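# Coordinate inspection notes
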Amino acid sequence: MEMIISKCMMWLTKAISVNGVPLLQLNDLLSIWEFGSELVNNYLPELCTTYLAKNFIWAMSCSSFVDVPYDLLLSSTKHPNLTVDSEMQLCDALLIWISANKEQYTEDCYINLLKQIRVTLLPLWFASGKKTYQSLSMCCNESYSGVITLLKQPFTMDPLQDNELLNLRIRLTELTQRVDVSCCTQMNPAILLLSVLPFSLNLEPQLRIKFEKSLINHETINAFPWTKWSNLTFEAVYEINLSNCPMLPLKVAIEIISYSFPSLRKLKAANHLSFKTLDVMQLVKKCPLLCDIDLTVDVSPVIPTQVSILSSFLSTSILRSSSIYWHNNPSNITKLILEGRNDIQDFDLRAISNICVSISYISLRGCTSVSDVGISALISKCLKLNSIVACDTSFGQNSVLALCSLNASYDHHPSVKHSGRNIPHGCNLQMLHIGGCKGINLSCFSKLMSQAYMLKNLCLRDTEVVDDVLFNFLGSSLEVLDVSNTKVSSAVLAHIIGRNPGLKCLKTRGCNNNKFLHHESKNLFFEVVRSCKLEEISVGWGFSYLSLQNLKPSLSSLKEIEVGLGGSLGQDGLKWLPVISPLLESVVLYFQVISDDIIINMLESLKHLKSFSLCHCLGEISSLGFKVRMPNLRKMRLERVAPWMNNVDLVNLTHNCANLIELSLLGCPLLNSESQKIISSGWPGLISIHLEECGEITKNGVVSLFDCCALEDILLRHNGSGIQKGFIHEAVTKLPMLRKISLDVCDAKDRDKDFDIPEVDNRHFLSHVKIARCKSHTHRCIFDPQHVRASTVSIHRETLVLVWDSKHLTTTLVKERV
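Residues numbered from 1 in each chain as written. Predicted model: local features only at pLDDT ≥ 70, side-chain atom pairs only at ≥ 80, totals over all residues. Heavy atoms only, no water.

### Some thoughts on the overall build of the protein
Rules: Strands here are runs of E lasting at least two residues and helices are runs of H or I lasting at least four, both read from the DSSP assignment and numbered beginning at the N terminus. Accessible area is worked out with a 1.4 Å probe on protein chains only. A residue is then buried under 20% of its type maximum, exposed over 50%, and partly exposed in between. Note that accessible areas follow from Shrake-Rupley with a 1.4 Å probe, and for residues the cover is restricted to the protein chains shown.
Within the protein, the secondary structure is distributed over 29 helices and 26 strands. The 818 residues of the protein split such that 56% are buried. In the form shown here, the protein has an accessible surface area of approximately 34600 Å², with 51% of it arising from carbon and sulfur atoms.

What follows is the structure, encoded as structure tokens:
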């Protein structure tokens with residue numbers, strides 16, 4: 001027996017040292033733990049604890065995770081080698097285990113488990129939303145208190161004990177591959193630096209002084225004595241997510257991660273407005289292995305091709321452009337996402353093309369400051385570019401010609417030869433998103449389509465594309481096709497679908513020429529049924545219950561469906577939708593005739609539903625339709641369908657949809673000021689709230705909504721004229737994650753019917769402000785009377801839009817309400 005135990009321990013010790021796929025199944029590990037627990041003075045339980053701690057992410061994915069004994073789970077969460085991507089991941093795993101074992105252990109056991117979570121490192125929206133969990137409420141309150149403390153006070157070490165410092169440290173081990181601290185509002189350079197240090201700050205006096213200086217003054221981090229320790233690096237880390245961290249200057253974070261994560265290949269850092277184009281080059285220089293960068297920001301609501309601009313001007317530059325200092329050393333960047341960055345200009349694109357010689361994917365969606373010439377120059381120089389996302393930009397004739405004309409360049413470029421023959425550049429194109437781009441010559445684009453036979457992902461929404469153009473597309477690898485709001489017909493869709501059996505996403509909403517009537521579209525239905533397994537579909541005109549029946553074989557794996565204007569599923573279609581597509585996660589219905597019975601059937605049947613939207617629907621709908629428990633639902637939109645909703649109905653909705661993070665209500669006139677408290681107490685983790693024409697919710701001002709401390713997006717329009725003039729400044733002060741605000745002057749409390757706009761230094765995380773006016777005002781706009789001309793004629797709607805980027809504040813007066 002001793003020999004068997006000894007061999008078992010030797011094998012388990014070896015298994016622990018193996019990185020990668022675990023050698024031991026979780027069920028077997030549990031058996032070894034149970035066996036070892038019955039023996040005296042042996043190391044099997046300790047080895048099992050270490051094994052589970054190091055492989056915790058793998059164990060979470062096993063069906064038998066809920067069978068892990070309490071003692072083993074607790075000891076693993078306390079282990080210094082516990083390896084998880086984030087505290088949210090650990091918290092979710094523990095809550096799943098607690099839910100499955102709620103009858104077997106005491107409340108004290110659950111609290112002991114949850115105390116192992118470093119709640120200060122939970123995303124603010126996540127921690128706020130978990131306040132409704134009794135076992136976690138105390139921890140979440142502690143998390144929120146910690147966040148507020150760190151937001152209001154500078155980081156100092158003196159009042160913090162070692163255990164408090166431990167709760168601030170990101171979990172980093174030799175096996176850590178991903179680090180995700182996105183939406184951790186309190187994340188700052190001090191916490192990041194603290195996390196990579198291998199001690200608990202029992203520092204010698206001189207070293208302590210240097211450390212304290214680095215915490216207080218970010219610029220001194222460069223002078224930090226990194227070389228004093230050889231074990232500050234975590235070689236396995238290849239991916240970091242620092243998105244939505246308003247207190248973490250990305251430029252400072254780069255100094256830390258370049259020392260500690262030398263193998264970093266992927267960086268996601270969305271919504272860091274202060275990060276300039278020069279900083280991108282510094283990032284590439286300091287992290288030479290980096291190949292995937294995501295610097296997305298919110299796309300401006302002012303897209304020139306979509307709105308009528310009355311006037312627009314730039315304020316004095318916030319930061320002077322530094323792009324002239326870009327170096328020309330080639331980088332390893334293959335994927336670069338710059339969505340929404342209006343501070344990117346043609347000069348920056350030329351610099352990118354000079355150093356990102358290996359780039360294959362670029363996203364410029366919503367980058368309205370780059371020209372067609374600039375985009376075409378980038379395309380011409382980046383010979384490996386095969387994926388282009390340029391929706392709502394100036395992508396046009398020159399860019400199309402650049403894609404077509406690179407055939408000759410590819411003939412002389414040895415790296416793009418395949419099987420001994422040259423492949424033209426157009427044929428190498430795999431993704432092309434040009435939705436909303438109006439400057440495309442159809443003749444040239446038709447030529448491009450005839451070459452792009454390797455295309456997998458094509459978005460042409462809101463363009464002038466017609467059938468003749470798409471009939472030239474002969475590819476057979478297409479997986480995504482979006483032709484929403486175009487003039488294409490069912491005939492060309494049948495042509496494309498028939499050639500592309502791997503199609504997974506089809507969007508045709510708003511296509512007036514695309515009639516899904518059986519006698520006109522028999523070929524289309526046949527081709528789809530024969531060849532496709534759709535996961536996402538968006539339809540409109542002519543789509544009916546008969547269409548749904550014809551498409552039935554191809555919709556069994558459907559996850560998202562949107563039915564827009566002109567589509568009519570009818571009672572039968574809506575009834576059978578959950579049967580035809582039981583895996584649906586998102587349902588969006590416009591202008592459908594619907595009833596309580598249909599809603600109840602849909603909500604009860606669709607167990608995976610995460611997003612549910614009813615917009616302008618007709619029929620006998622009441623509160624009875626929403627008395628269904630939907631714990632998985634994360635997003636709900638009810639627009640012009642719930643005029644009956646009162647505070648009692650709202651309370652019931654908070655109970656049945658307890659985990660919402662996005663809520664949109666339009667046309668609920670019975671709501672009042674008390675509704676604010678119901679919303680904030682029922683859904684404390686909301687990140688987006690849109691309330692329009694909802695009675696008198698804001699008649700007495702906005703107070704309770706500030707309790708939803710993780711809000712990122714607020715829209716309050718036509719809910720009562722009680723919003724204070726200084727509301728925007730108060731909102732950005734109390735809501736650290738807030739980026740977007742939309743208001744209407746009708747709701748302003750003060751006589752002058754205006755709102756104060758925060759100064760640049762006091763706007764915190766704010767990037768977009770929209771202030772709509774229902775009718776024109778003859779007085780000049782107070783925001784900048786010298787540049788925004790007053791309206792002297794009757795205009796139905798107009799909107800003042802303010803957008804900040806890393807360089808400017810852009811103020812635009814738009815004719816429409818946006």
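### As for the packing of helix α16 (residues 372-381) against helix α17 (residues 397-405)
We apply this condition: The angle between two axes is taken between their N-to-C directions and runs from 0 to 180 degrees, where each axis is a line fitted to C-alpha atoms and a helix contributes only its stretch in contact. The scheme is simple: roughly parallel for angles under 35 degrees, roughly antiparallel for over 145, roughly perpendicular for 65 to 115, oblique for anything else. The contact definition used throughout considers only heavy atoms, calling two residues in contact when any of these lie within 4.5 Å.
For the pair α16 and α17, the least separation of the axes is 7 Å and the interaxial angle reads 10 degrees. Our classification of the angle between α16 and α17 gives roughly parallel. Across the interface between the two elements, D372, V373, I375, S376, I379 and S380 of α16 pack against Q397, N398, S399, A402 and L403 of α17.

### With respect to helix α14 (residues 277-286)
When you tally the buried positions in α14, you get seven out of 10 residues, the bulk of the element. As for α14, its buried residues are in contact with α13 (250-260), β3 (266-268), β4 (292-294) and α15 (346-355).

### Observations concerning the packing of helix α6 (residues 87-100) against helix α7 (residues 107-114)
Helix packing geometry: the angle between the two helix axes and the distance between the axes. Going by this rule: Nonpolar residues are Ala, Val, Leu, Ile, Met, Phe, Trp, Tyr, Cys and Pro. Charged residues are Asp, Glu, Lys and Arg, and all others, Gly as well, are polar.
Where α6 contacts α7, the two axes come as close as 10 Å, and the packing angle between them is 170 degrees. Taken together, the axes of α6 and α7 lie roughly antiparallel to each other. Here L94, L95, W97 and I98 of α6 come into contact with α7, specifically with Y110, L113 and L114. Partitioning the contact of α6 with α7 into residue classes produces seven nonpolar, no polar and no charged.

### As for the pattern of salt bridges
Just so we agree on the cut-off: Note on definitions: salt bridges are taken to be side-chain nitrogens of Lys or Arg within 4 Å of carboxyl oxygens of Asp or Glu.
Within the structure shown, the criterion is met by 22 salt bridges. For E696, the salt bridge goes to K699, with nearest N and O atoms at 3.9 Å. Linked through salt bridges whose partners overlap, the residues forming this network are D298, E712 and R739.

### Observations regarding the environment of L624
Locating L624 in the fold gives a position in the loop between β18 (611-615) and β19 (635-639). In the structure, L624 is positioned 28 residues away from D596 in sequence and 6.4 Å away in space, judged by C-alpha atoms. Look past the residues within four positions of L624 in its chain and what remains in contact with it is D596 and I600.

### Observations concerning the packing of aromatic side chains
Heads up, the rule is: Any pair of Phe, Tyr and Trp rings, taking the six-membered ring for Trp, is counted once the centres come within 6.5 Å. Such a pair is stacked with planes under 30 degrees apart, edge-to-face with planes over 60 apart, and tilted for the rest.
All chains considered together, the criterion is met by nine aromatic pairs. Taking the centre distance of 5.9 Å and the plane angle of 20 degrees together, the rings of F706 and F727 count as stacked. Remark: F727 occurs in helix α29 (residues 727-734) and F706 occurs in the loop between β21 (688-692) and β22 (713-717); sequence separation between them is 21 residues. The same class applies to F706 as to F727, namely buried. These aromatic residues form a ring-pair network of at least three members: Y70, W97 and Y105.

### Examining the side chain of S484
By the element assignment, S484 lies in the loop between β13 (480-482) and α22 (490-499). Residue class for S484 comes out buried when judged on its relative accessible area of 10%. Excluding anything up to four places from it in sequence, S484 contacts R461, D462, K507, T508, R509 and C511.

### Details of the pairing of strand β16 (residues 560-563)
Consecutive side chains of a regular strand alternate in pointing toward one face of the sheet and then the other. Filter applied, for reference: Pairing between two strands is assigned when DSSP locates at least 2 bridges connecting them. Clockwise travel from the first strand over the helix to the second, with the strands pointing away from the viewer, marks a crossover as right-handed.
Covered by surrounding structure in β16 are I561 and V563 only, the residues E560 and E562 on the alternate face being uncovered. Here strand β15 (residues 536-539) pairs with β16 via four bridges, running parallel. Bridge pairing links E536 to E560 in β16. With respect to chirality, the unit in which β15 leads through helix α24 (residues 545-550) into the neighbouring parallel β16 is right-handed. Bridge analysis of β16 against strand β17 (residues 586-590) gives four bridges, and the strand direction is parallel. By the bridge assignment for β17, E562 is matched with V588.

### Let's talk about the nonpolar core
For soluble globular proteins, the rule of thumb is that nonpolar side chains tend to be buried together. To be explicit about the condition: The criterion is simple. A nonpolar core is a set of buried Ala, Val, Leu, Ile, Met, Phe, Trp, Tyr and Cys residues joined through side-chain atoms within 4.5 Å.
Within the largest apolar cluster, 173 residues are counted, with the highest numbers of intra-cluster contacts made by L432 and F626. If near-sequence neighbours (up to four positions away) are discounted, L432 is found in contact with I388, F395, L403, F445, L448, M449, L455, N457, L458 and C459. If you look at the next biggest cluster of nonpolar residues, it comprises 53 residues, including L47, L113, I687 and M737.

### Focus on unusual backbone geometry
For D462, which is not glycine, the phi torsion reads 55 degrees and is therefore positive. By the secondary structure assignment, D462 is in the loop between β12 (457-459) and α21 (467-470). The exposure class of D462 is partly exposed, given its relative accessible area of 24%.

### Observations regarding the environment of W804
Residue position: W804 is located in strand β25 (residues 798-804). A relative accessible area of 2% places W804 in the buried class. Separated by 461 residues in sequence, W804 and D343 have C-alpha atoms that sit 9.5 Å apart.

### Focus on the confidence of the model for the protein
The criterion, for reference: The predictor attaches a confidence to each residue, and that confidence, scored 0 to 100, is pLDDT.
The pLDDT averaged across the protein works out to 83; a share of 82% of its residues lies at or above 70. With pLDDT under 50 throughout, residues 318-326 is counted as low confidence; its partners more than four residues away or in other chains account for 25 contacts. For residues 777-795, every residue scores under 50 in pLDDT, and the model assigns this stretch 39 contacts once sequence neighbours within four places are set aside.

### Thoughts on the pairing of strand β20 (residues 662-666)
Of all five residues making up β20, four are buried, and the element is well covered by its neighbours. Across five bridges, β19 lies against β20 in parallel orientation. Pairing of L638 across the sheet is with L665, part of β20. Crossover β19 to β20 through helix α27 (residues 647-656) is right-handed. Traced from β20 through helix α28 (residues 674-682) to β21, the parallel crossover comes out right-handed.

### Some remarks on helix α26 (residues 596-605)
The α-helix advances 3.6 residues per turn, and as a result positions three or four apart in sequence lie on the same side. How we decide: This arc describes the spread of directions from the helix axis toward the C-beta atoms.
Among the residues of α26, those classed as buried are D596, I598, I599, M602 and L603. Along the axis of α26, the buried positions cluster into a sector of 160 degrees, meaning they face one direction only. Buried residues along α26 sit in contact with α25 (570-580), β17 and β18.

### Thoughts on the side chain of N101
Among the structural elements, N101 can be located in the loop between α6 and α7. Those residues in contact with N101, other than ones at most four positions away along the chain, are V66 and Y110.

### Looking at the state of the cysteines
We apply this condition: For this text, the term disulfide refers to a pair of cysteine sulfurs within 2.5 Å.
Taken as a whole and assessed by the stated rule, the structure comprises zero disulfides. Left without a disulfide partner, C617 is nearest to the cysteine sulfur of C615, which lies 6.9 Å away. Taking the relative accessible area as the measure of exposure, C617 reaches 6% and is therefore buried.

### Regarding a nonpolar patch on the surface
The condition is simple: Note that patches include only residues with greater than 30% relative accessible area and no salt bridge, and the join distances are 9 Å for like charges and 5 Å for nonpolar side chains (Val, Leu, Ile, Met, Phe, Trp, Tyr).
Together, M1, I4 and F35 make up a nonpolar patch on the protein surface, roughly 330 Å² of accessible area in all. As for its position among the elements, F35 is in helix α2 (residues 26-37). In this structure F35 comes out as partly exposed when scored by relative accessible area, which is 34%.

### Considering the environment of I434
With respect to the helices and strands, I434 occurs in the loop between β11 (431-433) and α20 (442-451). The exposure class assigned to I434 is buried, which follows from its relative accessible area of 0%. Among residues more than four places away in sequence, those in contact with I434 are A390, C391, F395, I440, F445, C459, L460 and T463.

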